[in-house]
Amino acid sequence: LEKGRAEHREIRKSDKTINIFCLVKLNNLDKPFYFLTKDESLLTEDFVVVPFGANNKEFIGKIISIEKHTGETEPFPADKAKYILRKANAEEIE
């Protein structure tokens, strides 16, 4: 099993695709989580809707950092990360 993980890491390191990772703090949870986005208009402090948990329930979270990474520097495997669904609207934030 560990050999497979090591091989996967080596493949990811060679991936030069640039992905945008957002570190999102979900309400009621202490630990923030990384999500991917293709929306370059998102900013730190924006509220977003993300899928979370095994059932991908929609949660509101606040972006606390935005980072661009390749496979070599990614904080979480891009092929396992979930995508931000959309920017939250005013009614969702309240």
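Let us look at the structure shown here.

Rules used throughout
- Residues numbered from 1 in each chain as written.
- Predicted model: local features only at pLDDT ≥ 70, side-chain atom pairs only at ≥ 80, totals over all residues.
- Heavy atoms only, no water.
- Helix = DSSP H or I, 4+ residues; strand = E, 2+ residues; numbered from the N terminus.
- Buried < 20%, exposed > 50% of the residue type's maximum accessible area, 1.4 Å probe, protein only.
- Contact = heavy atoms within 4.5 Å.
- Areas by Shrake-Rupley, 256 points an atom, 1.4 Å probe, with all protein chains shown as cover.
- Salt bridge = Lys/Arg side-chain N within 4 Å of Asp/Glu carboxyl O.
- Polar contact = N/O pair within 3.5 Å; in protein donor to acceptor, adjacent residues only side chain to side chain.
- Phe/Tyr/Trp six-rings, centres within 6.5 Å; stacked < 30°, edge-to-face > 60°.

Time to look at the overall build of the protein chain. Within the protein chain, the regular secondary structure consists of two helices and five strands. When the helices and strands of the protein chain are listed from N to C terminus, the series reads α-β-β-β-β-β-α. In the protein chain, which comprises 94 residues, the share counted as buried stands at 30%. Across the protein chain, the fraction of contacts at a sequence separation of at least 24, relative to all contacts at a separation of at least 6, is 63%. For the protein chain, the computed accessible surface area is about 6400 Å², with 54% contributed by carbon and sulfur atoms.

Glancing now at the pattern of salt bridges. Inspection of every chain in the model, using the stated rule, returns five salt bridges. In this structure, E40 engages K68 in a salt bridge whose closest nitrogen and oxygen atoms are separated by 3.8 Å. Here E40, found in the loop between β2 (33–37) and β3 (47–52), pairs with K68, found in strand β4 (residues 57–69); they are 28 residues apart in sequence, far enough to count as distant. E40 gets classed as exposed once you look at its relative accessible area, which sits at 62%. Put simply, K87 and D46 hold a salt bridge, and the shortest N to O gap is 3.7 Å. Here D46 lies in the loop between β2 and β3 and K87 lies in strand β5 (residues 86–87), a separation of 41 residues in the sequence.

A few words on the side chain of H69. The topology assignment puts H69 in strand β4. Among the polar contacts listed, one links the side chain of H69 to the backbone oxygen of T73, at a separation of 2.9 Å. What H69 contacts, discounting residues up to four positions off in sequence, is T17, I18, N19, F21, E74 and P75.

Under the criterion given, the structure shown has three aromatic pairs. Arranged with centres 6.1 Å apart and planes meeting at 85°, the rings of F21 and Y34 form a pair that is edge-to-face. Residue F21 is located in strand β1 (residues 19–26), and its partner Y34 is located in strand β2; the two are separated by 13 residues in the primary sequence. What makes F21 buried here is its relative accessible area of 0%. Between F33 and F52, the aromatic rings sit 5.0 Å apart at their centres with planes inclined by 65°, giving edge-to-face as the arrangement. With a gap of 19 residues between them, F33 in strand β2 and F52 in strand β3 connect regions that are remote in the sequence. When its relative accessible area of 22% is taken as the criterion, F52 is described as partly exposed.

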